[in-house]
Amino acid sequence: MAISSLSTPTLNHLSLSHASSLLYLAASLLQSPAPRLTCTTRVASSHSNPKILKSNRRSRHGHPLSPYDTDDDARAANSDEFRDEEDDYDEFGDIEISETDRQRLKLKNEALKGQGRTRHIGKNWDLESSSPARNLAKRPRKSAVRNVKYTTEKIDGDGVSSTLNSKVKEAESSAMNRFGHLSEEIDLDERYFPLLNYLSSFGLKERHFLQMYERHMPSLQINVESAEERLEYLLSIGVKHRDIQKIILRQPQILQYTVENNLKVHVAFLCSLGIPSSRIGQIIAATPSLFSYSVENSLKPTVKYLKDEIGIQEKDISKVVQLSPQILVQRIDSTWKTRLDFLMKELDAPRQSIVKMVTKHPQLLHYSIEDGLLPRINFLRSIGMQNSEILKVLTSLTQVFSLSLEANLKPKYKYLVNELQNEVQSLTKYPTYLSLSLDQRIRPRHRFLVSLKKAPKGPFPLSSFVPTDESFCRQWAGTSVDKYLDFRQRLLLKDLAKKYERQ
């Protein structure tokens, strides 16, 4: 493949024997301070579609590769959206001279014409023919940096060519120093250095590129313009810059998902569920594997199951997805309904109450009955609660199912009875007590009021634990927030010292 020469009044026949060197050097010149000649590249987007990562795949070193967000990615493979393409190489467009340099050189050229000496300065690049990306490892690699050949001519009193040559050498050295070792370790061609350089702007380092290579090698074999297009789109819909690194590491295939046929389609699906645009970016950051599932064959059937079989109302689907985006990419099986039937029977509860629990805490559908649901129900029974009281607590605070028995629920119950002198039935009125931190909220506020001699006699009011620090100090302590925070800090340090003494 060859690029035709473009006549411009600048340099005399600059030749490159490798396309990737052009892209990397042009990008480097753009980033260099105050160059005498400014070039920009236009690269036609060359899209490729994702290869679905199967749960039984292994790396080239024999290590198992498993997706992060799903039990079974295989069900997405039947979508027409996910056809594989063999090539994803750059197609280089024209290089333009900046307007400032163009005007300056135009004036110089006119002056030269007046002297009877017209200079023709253009380009002539010979590009290696591209072979499929998947054959890169088998093809003998040639160093793009070593194959770059330059022919420069010093323009009278100008020094443009000398400056360009200097910048070229700096770019060569920087590329080899930064990515040379990585290129040898994973057999990655230098034509993809611009991609690595771009991804580095999101905080990715050499160890991250190795991880990407192990999880999905083709994600490092696309042109930088395509990657920019896809990541810029994600940023435009609310994905935070700091989350891009996490997204790429969890789902490197996202660099290959086309904007029009994949990313926009999935975002439109989320919007159709009633999810606010302000929350789209957070959902994508939490579950980037969403894009590897067919909207028609996977995501929509999951939503239909949640409505028809679980009983979640249409208006609550948006809330459920926002609380647990992973529910869209987790495998549907009969155990979802089994958990609902278990809770209805165990607590003698109407289906509507259990559906309300799922709406508030969708993760409930994935908790083990034997190790998760039943032990916590039995604990509440052991402290004297009846089924009706348990149902009231769980309906108000379904997150109880996610709290540790030994490290959370039991210590809070003991403090409730022994220190606060409350009956267990008080939890039905203030179930929020179980969700508050014992060390950061409950104990400091109780001890603070006791130290001020403002603790009421008899059962300690659980309502004092609910407000913010400012409201607590104003309504209950009658002191400044700073005074309370200082007391809490000293209490935490004292408790920490006692803990280490016991150890």
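The rules behind each value
- Residues numbered from 1 in each chain as written.
- Predicted model: local features only at pLDDT ≥ 70, side-chain atom pairs only at ≥ 80, totals over all residues.
- Heavy atoms only, no water.
- Helix = DSSP H or I, 4+ residues; strand = E, 2+ residues; numbered from the N terminus.
- Buried < 20%, exposed > 50% of the residue type's maximum accessible area, 1.4 Å probe, protein only.
- Contact = heavy atoms within 4.5 Å.
- Areas by Shrake-Rupley, 256 points an atom, 1.4 Å probe, with all protein chains shown as cover.
- Salt bridge = Lys/Arg side-chain N within 4 Å of Asp/Glu carboxyl O.
- Core = buried A, V, L, I, M, F, W, Y, C linked by side-chain atoms within 4.5 Å.
- Axes fitted to C-alpha atoms, helices over the stretch in contact; angles between N-to-C directions.
- Parallel < 35°, antiparallel > 145°, perpendicular 65-115°, else oblique.
- Left-handed = near helix turned anticlockwise from the far one by under 90°.
- Nonpolar A, V, L, I, M, F, W, Y, C, P; charged D, E, K, R; others polar.
- Phe/Tyr/Trp six-rings, centres within 6.5 Å; stacked < 30°, edge-to-face > 60°.
- Polar contact = N/O pair within 3.5 Å; in protein donor to acceptor, adjacent residues only side chain to side chain.
- Patch = residues over 30% accessible without salt bridge, like charges linked within 9 Å, V, L, I, M, F, W, Y side chains within 5 Å.
- Lys, Arg positive; Asp, Glu negative; His and termini not counted.
- Charge placed at Lys NZ, Arg CZ, Asp CG, Glu CD.
- pLDDT = per-residue confidence, 0-100.

### Points about the overall build of the protein
Alright, step 1. Counting its regular elements, the protein contains 20 helices and four strands.
Alright, step 2. Residues counted as buried form 49% of the 503 residues belonging to the protein.
Alright, step 3. Nonlocal contacts in the protein, meaning residues at least 24 apart in sequence, comprise 77% of its contacts between residues at least 6 apart.
Alright, step 4. When the accessible surface of the protein is summed, it comes to about 24800 Å², and 48% of that surface belongs to carbon and sulfur atoms.

### A few points about the pattern of salt bridges
Think of it this way: side chains of opposite charge can pair up when their charged atoms draw near.
Alright, step 1. Applying the stated criterion across every chain yields a total of twelve salt bridges.
Alright, step 2. Across the salt bridge formed by Lys 264 and Glu 260, the nearest N and O atoms sit 2.9 Å from each other. Taken together, the positions of Lys 264 and Glu 260, both in helix 8 (residues 259-272) and four residues apart, correspond to about one turn of that helix.
Alright, step 3. For Lys 264, a relative accessible area of 34% translates into the label partly exposed.
Alright, step 4. For Glu 260, a relative accessible area of 51% puts it in the exposed group.
Alright, step 5. In this structure, Asp 469 and Arg 445 form a salt bridge, with 2.8 Å as the shortest nitrogen-oxygen distance. Of this pair, Asp 469 sits in helix 19 (residues 469-477) while Arg 445 is found in helix 18 (residues 438-451), placing the two residues 24 residues apart along the sequence.
Alright, step 6. Beyond isolated ion pairs, a larger network of salt bridges with shared partners links Arg 445, Asp 469 and Arg 488.

### With respect to the nonpolar core
Alright, step 1. Counting residues in each nonpolar core, the largest one holds 109 residues, and the members touching the most others are Leu 234 and Tyr 433.
Alright, step 2. Examining the composition of this core, we find that six residues originate from one element, helix 10 (residues 295-310), more than from any other.
Alright, step 3. Each residue touching Tyr 433, except ones within four places of it in the same chain, is listed here: Lys 412, Tyr 415, Leu 416, Leu 420, Leu 427, Ile 442, Leu 462 and Phe 465.

### Observations regarding unusual backbone geometry
Alright, step 1. Look at Asp 348: it is not a glycine, yet its phi comes out positive at around 50 degrees.
Alright, step 2. Topologically, Asp 348 is positioned in the loop between helix 12 (335-346) and helix 13 (351-360).
Alright, step 3. Here the phi dihedral of Lys 453 falls at roughly 60 degrees; this positive angle occurs in a residue that is not glycine.
Alright, step 4. With respect to the helices and strands, the residue Lys 453 is situated in the loop between helix 18 and helix 19.
Alright, step 5. Assessed through its relative accessible area of 78%, Lys 453 is described here as exposed.

### Side note on helix 15 (residues 387-396)
Alright, step 1. What helix 15 keeps buried is the set Ile 390, Leu 391, Val 393, Leu 394 and Thr 395.
Alright, step 2. Among the structural elements, helix 13, helix 14 (369-382) and helix 17 (426-429) are those in contact with the buried residues of helix 15.

### A word on the packing of helix 14 against helix 15
Packed helix pairs are specified by the crossing angle of their axes together with the interaxial distance, meaning the distance between the axes.
Alright, step 1. Packing of helix 14 against helix 15 leaves a shortest axis separation of 10 Å and a crossing angle of 125 degrees. The angle between helix 14 and helix 15 falls in the class oblique. Note on packing geometry: the crossing formed by helix 14 with helix 15 is right-handed. The residues of helix 15 that touch helix 14, namely those facing Ile 377, Leu 380 and Arg 381, are Asn 387, Ile 390 and Leu 394.
Alright, step 2. Grouping the constituent residues of the contact of helix 14 with helix 15 by class yields four nonpolar, one polar and one charged.

### Points about the packing of aromatic side chains
Alright, step 1. Applying the stated criterion across every chain yields a total of eight aromatic pairs.
Alright, step 2. A network of ring pairs unites the aromatic residues Phe 448, Phe 472, Tyr 484 and Phe 487 as a single cluster.

### Section: the environment of His 216
Alright, step 1. Topologically, His 216 is positioned in helix 5 (residues 206-216).
Alright, step 2. Considering only alpha carbons, one finds His 216 and Leu 249, 33 residues apart in sequence, at a separation of 9.9 Å.
Alright, step 3. A polar atom in the side chain of His 216 sits 2.8 Å from the side chain of Gln 256.

### Let's talk about the environment of Phe 448
Alright, step 1. Take Phe 448: it is sitting in helix 18.
Alright, step 2. Overall, Phe 448 belongs to the buried group, its relative accessible area being 2%.
Alright, step 3. Those residues in contact with Phe 448 that lie beyond four places of it in its chain are Phe 472, Ala 477, Thr 479, Lys 483, Tyr 484 and Phe 487.

### So, a nonpolar patch on the surface
Alright, step 1. Together, Leu 493, Leu 496 and Tyr 500 make up an exposed nonpolar region whose accessible area comes to about 340 Å².
Alright, step 2. Counting through the fold element by element, Leu 496 comes out in helix 20 (residues 481-502).
Alright, step 3. A relative accessible area of 40% means that Leu 496 is categorised as partly exposed.

### Regarding a positive patch on the surface
Alright, step 1. Where like charges cluster on the molecular surface, the positive patch consists of Arg 447, Lys 494, Lys 498, Lys 499 and Arg 502.
Alright, step 2. Looking at the positive patch element by element, the count peaks at four residues for helix 20.

### Points about the confidence of the model for the protein
Alright, step 1. Overall, the predicted model of the protein reaches an average pLDDT of 74, with 64% of residues at or above 70.
Alright, step 2. Per-residue pLDDT stays below 50 along residues 1-98; that stretch engages in 268 contacts with residues further than four places along the chain or on separate chains.
Alright, step 3. The low-confidence segment residues 112-158 (pLDDT under 50) makes 124 contacts with residues lying over four places distant or belonging to another chain.

### Focus on the packing of helix 8 against helix 10
Alright, step 1. Two elements in contact, helix 8 and helix 10, have axes whose closest approach is 12 Å; the angle formed by their N-to-C orientations is 15 degrees. Taken together, the axes of helix 8 and helix 10 are roughly parallel relative to one another. Both helix 8 and helix 10 take part in a crossing whose hand is right-handed. Within the contact between the two elements, helix 8 uses Val 265, His 266 and Phe 269 and helix 10 uses Val 295, Leu 299, Lys 300 and Val 303.
Alright, step 2. Of the residues assigned to the contact of helix 8 with helix 10, the class counts are five nonpolar, one polar and one charged.

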